[in-house]
Amino acid sequence: MQLNLPVAVRWAADGRAVELLDQTLLPGREVYLRLETATDVAEAIRSLRVRGAPAIGVAAALGLALEAARHTAAPRDEFLRAFDAAYAELRRARPTAVNLAWAVDHLRRIADSLGAADNGTIACRLYGAATQILDDDIAMCRRMGEHGAALLPEGTVRALTVCNAGALATSGMGTALAPLYHAAAQGRAIEVYACETRPLLQGSRITAWELARAGLPCTVVIDSAAPLLLRDGAIDIVFTGADRIAANGDVANKVGTYSLAVHAARAGVPFYVVAPATTLDPHTATGAGIEIEHRDADEVRRGFGALTAPADTAVYAPAFDVTPAELITGIVTDSGVLRAPYAGGIERAAAALHGAEATR
Ligand code: MRU
């Protein structure tokens, strides 16, 4: 079948802006934003107009390159001040997905290595490097799709996923959804069960929309019912994405992932995490070292504008959780499928892309 996948992040045709599909408006409206400054891109990342670990890394890289290009005619000290400020603002926009930190650090290292080169040369190199990050992400998604599709059982496949780890979370065909897209494109029968993913509903608003557009059947599952599907033998395989994977294979991903892993293990259903090398963090030893973002309490108390809890109630709303490596059947990366023990394998898979610079 022919897949019709949306594009989350791209350069504007004139190369002077970043274009993002505003995911806060889905599934109701499909609106592309034209962002011309790093501050605008940082705001879009903070407010989840663009979201998903690879996509925010790509958007941040494009935003930082854009800011350098905007200041090429400025005196050197002003050019450097603008670059430093944009780097810092983008890097702190969201803390958990390592892709974002890696992408802006990668550009920073390139800028630093160019020393006395003129502003235009630096801006040009940064534009090229950001474009390379975008292109590499597309290629890595494709390879994850191929590696992950080889894990699918025979016959019709019923796959469970959480959040959105599809095209809208990357600049390509996604991470967790890539194996399913790859298999569907080859004529396999694929049925996707998408956890709704409270409180911001990335599963029901974004994944269900993306799958419908791509032409794959999707059932939205209320989060608390996913364990029942696993228990009742209604799911063949679980695929999730990741925001950061520690050196020992512990995985930070959208909150709810841990619960799925526990119930998949209890039910004997294979549980795979799918993530590119840019999500591997060999410098963080275990999941305990991963900073978990907590979102504003009003995302729970005033869900999409309506009062959904007493206005001043306390709220516990981590955006991510950590799934211990022991619950993970395998980690599908762009270079192949890693299995326990992950120590060593994560480092090698990260080094294959980043070389000595790795993630920090
Ligand atoms: O808060 P979000 O929507 O950015 O969270 C995204 C996720 O948790 C995804 O599952 C993860 O980034 C992997 S996406 C390829």
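Preceding this paragraph is the structure being described.
Residues numbered from 1 in each chain as written. Predicted model: local features only at pLDDT ≥ 70, side-chain atom pairs only at ≥ 80, totals over all residues. Heavy atoms only, no water.

Caption draft 1: The arrangement of the pairing of strand β10 (residues 271-274) in detail. A two-sided burial pattern is seen for β10, the buried positions comprising F271 and V273 on one face and Y272 and V274 on the other. Summarising the sheet, strand β7 (residues 237-240) and β10 pair through three bridges and their orientation is parallel. Looking at the pairing, F239 lines up with Y272 of β10. Examined bridge by bridge, β10 and strand β13 (residues 330-333) share three bridges and lie parallel to one another. Across the sheet, residue Y272 finds its bridge partner in β13, namely G330. (Buried < 20%, exposed > 50% of the residue type's maximum accessible area, 1.4 Å probe, protein only. Helix = DSSP H or I, 4+ residues; strand = E, 2+ residues; numbered from the N terminus. Pairing = 2+ DSSP bridges.)

Caption draft 2: The site of the ligand, seen in detail. In the region of the ligand, 17 residues are neighbours, and A53, R94, D243, N253 and K254 sit closest. The contact in question runs from an oxygen atom of the ligand to an N or O atom on the side chain of R51, over 2.9 Å. Within the side chain of K254, an N or O atom sits 2.8 Å from an oxygen atom of the ligand. Across the complex, the protein chains shield 100% of the 410 Å² of accessible surface that the ligand would expose by itself. Secondary structure elements with two or more residues in the shell around the ligand: α2 (53-70) and β9 (251-254). Tallied by class, residues from the shell around the ligand come to seven nonpolar, six polar and four charged. (Near = heavy atom within 4 Å. Polar contact = N/O pair within 3.5 Å; in protein donor to acceptor, adjacent residues only side chain to side chain. Areas by Shrake-Rupley, 256 points an atom, 1.4 Å probe, with all protein chains shown as cover. Nonpolar A, V, L, I, M, F, W, Y, C, P; charged D, E, K, R; others polar.)

Caption draft 3: The arrangement of the sheet that holds strand β3 (residues 32-35) in detail. With respect to topology, three strands assemble into an open sheet ordered β1-β2-β3, the strand pairing being antiparallel. Two strands bound the open sheet, and with one partner strand each, they are β1 (9-11) and β3. Going from strand to strand, the sheet's axes swing by 25° on average, the running direction of each strand aside. For β1 and strand β2 (residues 18-21), the ladder comprises three bridges, and the chain directions are antiparallel. Residue pairing for β2: W11 is matched across the bridge by V18. (Axes fitted to C-alpha atoms, helices over the stretch in contact; angles between N-to-C directions.)

Treat this as a map of the structure, not an account of what it does.
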